[in-house]
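Structural overview
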Amino acid sequence: LRLGIALGAPVAAPENETCGTALPILPGVPVTAPLLSVEQDLVTSCDGWGPELVYEFELTEVSDVEAYAVSEDGLAEPMVAVLDEPCAALEDDLACARGTPAVALARSLQPGRHYVAVSASAPTELTLELDVRPPAPLLGGDTCAEPLPLAPGDRRQVDLREAADDVTLSCGGAATDVVFEIEATEPIDLLAVLRLSEGDVGTLGILPAGCAGEGQGCANGARSPLSVLAPGLAAGRHLLVVESRDAHPVELAALTRPVSIPLLVAFAETCEDAVAIPVEGGALVGSTAGARDDHGASCDAADGAGAPDQMLTLSLPERRRVVLDARGSAYPTLIAVRSGADCPGDEVPLGCAAGYADQPSFLDLILNAGDYRVQVDGYAGASGAWRLNVFVSPP
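The following refers to the structure shown. These figures come from a predicted structure and were not determined experimentally. (Residues numbered from 1 in each chain as written. Predicted model: local features only at pLDDT ≥ 70, side-chain atom pairs only at ≥ 80, totals over all residues. Heavy atoms only, no water.)

1. Things to note about the overall build of the protein
A tally of helices and strands in the protein yields 0 helices and 28 strands. With the C-alpha coordinates of the protein rotated into their principal frame, the extents come out at 80 × 55 × 30 Å. Counting across all 395 residues of the protein, residues that qualify as buried make up 49%. Within the protein, residue pairs in contact and separated by at least 24 positions form 75% of the contacts whose partners lie at least 6 positions apart. When the accessible surface of the protein is summed, it comes to about 18,100 Å², and 53% of that surface belongs to carbon and sulfur atoms. (Helix = DSSP H or I, 4+ residues; strand = E, 2+ residues; numbered from the N terminus. Buried < 20%, exposed > 50% of the residue type's maximum accessible area, 1.4 Å probe, protein only. Contact = heavy atoms within 4.5 Å. Areas by Shrake-Rupley, 256 points an atom, 1.4 Å probe, with all protein chains shown as cover.)

2. Some remarks on the sheet that holds strand E7 (residues 102-109)
One open sheet accounts for 4 strands, arranged E2-E9-E4-E7; its pairing is antiparallel. The open sheet is flanked by strand E2 (31-35) and E7, the only strands paired with a single partner. Here the strands of the sheet are splayed against their neighbours by 25° on average, with no regard to which way each runs. By the bridge criterion, 8 bridges tie strand E4 (residues 63-71) to strand E9 (residues 124-133) in an arrangement that is antiparallel. Counted as the bridge partner of alanine 67 is leucine 130 from E9. (Pairing = 2+ DSSP bridges. Axes fitted to C-alpha atoms, helices over the stretch in contact; angles between N-to-C directions.)

3. Thoughts on the environment of aspartate 93
Take aspartate 93: it is sitting in strand E6 (residues 93-98). Sequence separation of aspartate 93 and valine 43 is 50 residues, and the distance between their C-alpha atoms is 8.1 Å. Among residues more than four places away in sequence, those in contact with aspartate 93 are Thr44, Ser45, Val82 and Leu83.

4. Quick notes on the packing of aromatic side chains
Under the criterion given, the structure shown has 0 aromatic pairs. Directly above the ring of phenylalanine 391 sits arginine 257, whose terminal nitrogen or CZ lies 4.2 Å from the centroid. (Phe/Tyr/Trp six-rings, centres within 6.5 Å; stacked < 30°, edge-to-face > 60°. Lys NZ or Arg CZ within 6 Å of the ring centre and 35° of its normal.)

5. Examining the environment of glycine 205
Take glycine 205: it is sitting in strand E14 (residues 202-208). Along the chain, glycine 205 and cysteine 96 lie 109 residues apart, while their C-alpha atoms are 19 Å from each other. If we ignore the near neighbours within four places in the chain, the residues touching glycine 205 are Leu169, Gly217, Cys218, Leu239, Leu240 and Val241.

6. What to know about the side chain of aspartate 189
Within the secondary structure, aspartate 189 sits in strand E13 (residues 188-195). A polar atom in the side chain of aspartate 189 sits 2.8 Å from the backbone nitrogen of glycine 232. Within the structure, the side chain of aspartate 189 is placed 2.9 Å from the backbone nitrogen of serine 260, a separation counted as a polar contact. If sequence neighbours within four positions are ignored, aspartate 189 has contacts with Ala230, Pro231, Gly232, Leu255, Thr256, Arg257, Pro258, Val259, Ser260 and Phe391. (Polar contact = N/O pair within 3.5 Å; in protein donor to acceptor, adjacent residues only side chain to side chain.)

7. Concerning the environment of threonine 168
Counting through the fold element by element, threonine 168 comes out in the loop between strand E11 (155-158) and strand E12 (176-184). Residues threonine 168 and glycine 345, spaced 177 residues apart in sequence, show a C-alpha to C-alpha distance of 47 Å.

8. Things to note about unusual backbone geometry
Cis geometry marks the peptide bond from glutamate 85 to proline 86; its omega dihedral reads 5°. Considering the arrangement of structural elements, one finds proline 86 in the loop between strand E5 (78-84) and E6. Residue proline 225 is bonded to the preceding serine 224 through a cis peptide linkage, with omega at 0°. A positive phi angle, close to 50°, is found at serine 108, a residue other than glycine. If you trace the backbone, serine 108 turns up in strand E7. Residue serine 108 is classed as partly exposed on the basis of its relative accessible area, which comes to 37%.

9. Considering the sheet that holds strand E15 (residues 217-221)
With respect to topology, 5 strands assemble into an open sheet ordered E10-E12-E17-E14-E15, the strand pairing being mixed. Each edge of the sheet is formed by a strand with only one pairing partner; in this case those strands are strand E10 (148-149) and E15. Pairing analysis gives 2 bridges linking E10 to E12, with the strands arranged parallel. Bridge pairing in E12 places leucine 148 opposite phenylalanine 180.

10. Observations regarding the state of the cysteines
The term disulfide refers to a covalent linkage connecting the sulfur atoms of a pair of cysteines. If you walk through the whole model with that rule in mind, you get 6 disulfides. Two residues, cysteine 271 and cysteine 343, share a disulfide whose sulfurs are 1.8 Å apart. Taking the torsion about the sulfur-sulfur bond, which here is approximately 70°, the covalent link between cysteine 271 and cysteine 343 counts as right-handed. Placement of the pair is cysteine 271 in the loop between strand E19 (263-265) and strand E20 (275-276) and cysteine 343 in the loop between strand E24 (333-339) and strand E25 (346-354), with a sequence separation of 72 residues. Residue classification places cysteine 271 among the buried residues on the basis of a relative accessible area of 15%. Assessed through its relative accessible area of 40%, cysteine 343 is described here as partly exposed. Two residues share a disulfide in this structure: cysteine 299 and cysteine 352, whose sulfurs sit 2.0 Å from each other. Residues cysteine 299 and cysteine 352 are joined through a disulfide that is left-handed, its torsion about the S-S bond being -65°. Here cysteine 299, found in the loop between strand E21 (281-287) and strand E22 (310-316), pairs with cysteine 352, found in strand E25; they are 53 residues apart in sequence, far enough to count as distant. (Disulfide = S-S within 2.5 Å.)

Structure representation (structure tokens):
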């Protein structure tokens, strides 16, 4: 731990704390925003918004406006918001972002006076800069009205650097987003999977067409991948919204299967009485309470006692992508995929996943044609009722 103290002449506290006292800022001219001895006066959509300073700018024509904020000492995470008049309520927040740096993009602002406000997770000095440019055409998928098509099983790389924050999801905060559409010709179970860039925070939501009505699921966090399961979706169009707090690249996939009635797994304590997973995937439920501890696993706690387990089988006629998701289980599960003639066989590469707290066991594997065993176990000796959703698609 290192502590430094610097003494200097007294400096007056900043006065541009509200929109009424905002200081002017010119495009392309950086300003220093000292977030010291200031209070919070505004409300924005950024999570954790606190004491702020406010700047104003004038537009003479319709423009895209991008605001950048960087912490000079690197000890705080900056936040920046572009605001409209009267600059008094949440609906005046046109765009808000948090990150290192924080970058907020507001598209097609009308001529007139607008504001940009900065805050941070702790007292710091920020450098703030404004970029004003002619309005760019909307990106594909920028709004719910113009989603990008997504086929089941596709892996889509998504670049959010030029995206705006157009959709509000039930979880997460302000972030750039892109909207995709998947069309079902019959009722389906849908599993959406979002992989994040290192250090980013993402949000993934499933909404009805047009983003009208209540969503079918939402996930937010920094632990990749994020996944949302929406069982029993009706035939028709459904939207997948992906968000990145830092506007970093993400990867989205949508896996589907016919609507599955959960298959009860009874006994299944040995390889001989293992229960078969349907080749097209499915939902399975069981309980390891009262079962025996037959097999260990590489991803179990190093000093944890073994846990009761049950065994499933999966036979693939050809190379497939297999996703196993143990969300909804009543205890910290452990899932291992094995192959080989001897019971239980060897774990396939990266074929063991443990669940902790609110993070379920989750495996996303490319498996060659062949026969596999899926071991449903408990992390660090845990046992209880479990639920496993399996999706199988082309690799």
